[in-house]
Amino acid sequence: MKNILESKFMKEMISAASNMYRLGWDERNGGNISYLLKDYDLSEYLDLNGVIREIPMGFEAKSLVGQCFLVTGTGKYFKNVESDPENNLGIVRIGKDGKTAELLWGFKDGGRFTSEFPAHLMSHMARLKVDDKNRIIMHSHPTNTLAMNYVHTLDEKEFTHTLWQMCTECIVVFPDGIGVLPWMLCGTNEIGEATAKKMEEFRLVVWGMHGIYGSGRTMDEAFGLIETVEKAAEIFMLTSHLPRINTINDGQLRELAEFFKVDYRKDFLSE
Ligand code: 13P
Ligand code: ZN
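Parameters and conventions
- Residues numbered from 1 in each chain as written.
- Chains lettered and ligands numbered in written order.
- Predicted model: local features only at pLDDT ≥ 70, side-chain atom pairs only at ≥ 80, totals over all residues.
- Heavy atoms only, no water.
- Helix = DSSP H or I, 4+ residues; strand = E, 2+ residues; numbered from the N terminus.
- Rg over C-alpha atoms; globule rule 2.2 N^0.38 Å.
- Areas by Shrake-Rupley, 256 points an atom, 1.4 Å probe, with all protein chains shown as cover.
- Lys, Arg positive; Asp, Glu negative; His and termini not counted.
- Charge placed at Lys NZ, Arg CZ, Asp CG, Glu CD.
- Salt bridge = Lys/Arg side-chain N within 4 Å of Asp/Glu carboxyl O.
- Buried < 20%, exposed > 50% of the residue type's maximum accessible area, 1.4 Å probe, protein only.
- 1 Å grid on protein atoms, 1.4 Å probe; cavity = no way out; pocket = protein on both sides within 12 Å on 5 of 7 lines; lining within 4 Å.
- Points joined across faces, edges and corners; volume = space filled by probe spheres on them.
- Phe/Tyr/Trp six-rings, centres within 6.5 Å; stacked < 30°, edge-to-face > 60°.
- Lys NZ or Arg CZ within 6 Å of the ring centre and 35° of its normal.
- Expected span 1.5 Å × (residues − 1).
- Donors = N, O, S within 2.8 Å, 3.2 Å for Na, K, Ca; no water.
- Near = heavy atom within 4 Å.
- Polar contact = N/O pair within 3.5 Å; in protein donor to acceptor, adjacent residues only side chain to side chain.
- Nonpolar A, V, L, I, M, F, W, Y, C, P; charged D, E, K, R; others polar.

S.K.: Please explain the overall build of the chain as it appears in this structure.
M.R.: Secondary structure summary: the chain contains nine helices and nine strands in total. Against the 2.2 N^0.38 benchmark of 18 Å for 271 residues, the chain shows a C-alpha radius of gyration of 19 Å, consistent with a compact globule. With respect to the principal axes defined by its C-alpha atoms, the chain has extents near 60 × 35 × 35 Å. Approximately 12300 Å² of the chain is accessible, and the part contributed by carbon and sulfur atoms is 51%. Of the side-chain charges in the chain, 30 are positive and 39 negative, and the distance between the mean point of each set is 3 Å.

S.K.: Please clarify how the pattern of salt bridges should be interpreted in this entry.
M.R.: Where side chains of opposite charge bring their charged atoms close, a pairing between them can arise. A full pass over the atoms with the stated rule returns 16 salt bridges. Note that lysine 76 and aspartate 109 form a salt bridge whose closest N and O atoms lie 2.6 Å from each other. Separated by 33 residues along the polypeptide, lysine 76 in the loop between β3 (68-72) and α2 (85-88) and aspartate 109 in the loop between β5 (100-106) and α3 (117-130) bring together distant segments of the chain. By relative accessible area, which is 17% here, lysine 76 ends up buried. For aspartate 109, a relative accessible area of 47% gives the class partly exposed. When the shortest N-O distance is used, the salt bridge between aspartate 131 and arginine 217 registers 2.9 Å. With aspartate 131 in the loop between α3 and β6 (136-140) and arginine 217 in the loop between β9 (211-216) and α8 (219-239), this residue pair connects regions lying 86 residues apart in the sequence. Accessibility expressed as a relative area gives 44% for arginine 217, which makes it partly exposed. Look at the salt bridges and you will find they share partners, linking Glu60, Lys62 and Lys99 into a network.

S.K.: Mind showing me how you'd approach the layout of surface pockets here?
M.R.: Taking a probe equal in size to a water molecule and rolling it over the atoms shows the remaining empty space. Approximately 220 Å³ is the volume found for the largest pocket. Forming the boundary of the largest pocket are 15 residues, of which Glu12, Tyr35, Thr218, Met219 and Asp220 lie nearest the centre. Per element, the largest residue contribution to the lining of the largest pocket is five residues, and it comes from helix α1 (residues 8-22).

S.K.: Please clarify how the packing of aromatic side chains should be interpreted in this entry.
M.R.: Aromatic ring pairs: the centre-centre distance and the angle between the two ring planes describe each pair. Enumeration over the complete set of coordinates arrives at 10 aromatic pairs. An aromatic cluster of three or more residues is present, and its members are Phe9, Tyr35, Tyr40 and Tyr45. Between lysine 266 and the ring centre of tyrosine 264, over which it is positioned, the NZ or CZ distance is 4.5 Å.

S.K.: Just checking my understanding: could you explain α3 for this structure?
M.R.: The α-helix winds at 3.6 residues per turn, so residues separated by three or four positions along the chain end up facing the same way. Taking 1.5 Å per residue as the helical rise, α3 with its 14 residues ought to reach 20 Å, and the 20 Å between its terminal C-alpha atoms agrees with that figure. Most of α3 sits inside the fold, with 12 of its 14 residues counted as buried. Of the positions making up α3, those classed as buried are Phe117, Pro118, Ala119, His120, Leu121, Met122, Ser123, His124, Met125, Ala126, Arg127 and Leu128.

S.K.: Could you clarify how one ought to interpret the coordination of the zinc ion (ligand 2) in this entry?
M.R.: Those protein atoms acting as donors to the zinc ion (ligand 2) are His139 (NE2), His141 (NE2) and His210 (NE2), and they sit at 2.0 to 2.1 Å. One chain supplies every donor to the zinc ion (ligand 2), and in sequence these donors are spaced H-x1-H-x68-H. Of the two residues, histidine 141 sits in the loop between β6 and α4 (143-151) while histidine 210 sits in the loop between β8 (204-207) and β9, which places them 69 residues apart along the sequence. The buried category is assigned to histidine 210, whose relative accessible area is 16%.

S.K.: Which parts of the structure should I look at to understand the site of ligand 1?
M.R.: Contacts to ligand 1 come from Asn29, Gly30, Gly31, Asn32, Thr74, Gly75, Thr114, Ser115, Glu116, His139, His141 and His210. In this structure, serine 115 approaches ligand 1 through a side-chain N or O atom, which is 2.6 Å from an oxygen atom. With respect to ligand 1, the side chain of histidine 210 contributes an N or O atom lying 3.0 Å from an oxygen atom. Residue composition of the shell around ligand 1, grouped by class: no nonpolar, 11 polar and one charged.

Distances and angles like these do not, on their own, reveal function.
Right, here's the structure in full:
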């Protein structure tokens, strides 16, 4: 059996969690990541009949039955993922009833998957419907994105438009814009359902006054989306209290999107 800690998916997960921690996006146990392991032959690394324990999920994920996810643990610190992956991460398979997760590896100290598992799995289901290559759902609390939530409207057209204006490349990186949810109670099936609904349309979803969700075919895509939003939000927070004397106008945003041939939200431009 190959050493699972040497696998590409494990290295990607550890490096994402460590980078997110060092960027200050994920204090304490803040943030969570789930990675759909469809493209890997897990039998090279694990005994797939060796279910360590079964964990009830409290919601149904019918279309994911039999699928395996590498996921961060609830209450676990991103800071510690690198030094102790087996306690802070787990690999689960969605059981036949669609309501139970079968633990195949990790959560060694008796832990369980993130409390945001409903939002993760519901978002995976939603993204897979529009892009069958989607593999990652990532949740984080990036500082400037969160700060911006307190001083900017939480209207998704206005929020996206402001961020597009903050860095020239934003409209090229997230032409599909950002979905925005109002403040909601986290860890619930309700916020999961609301996030998944937005994920049918957007790869990025802001949770008002809480954080952000990103999705992608790869860890780099999900990470890069959040990283670009956070950079733009930082520019906003550095400049929004100062007189604005220059701006990227809608004609220039349109020019960028057309030159780089991206399918952008035309209805998010006002002119
Ligand atoms: P978990 O520790 O359960 O993953 O929760 C962290 C978080 O960010 C909740 O939104
Ligand atoms: Zn959170």
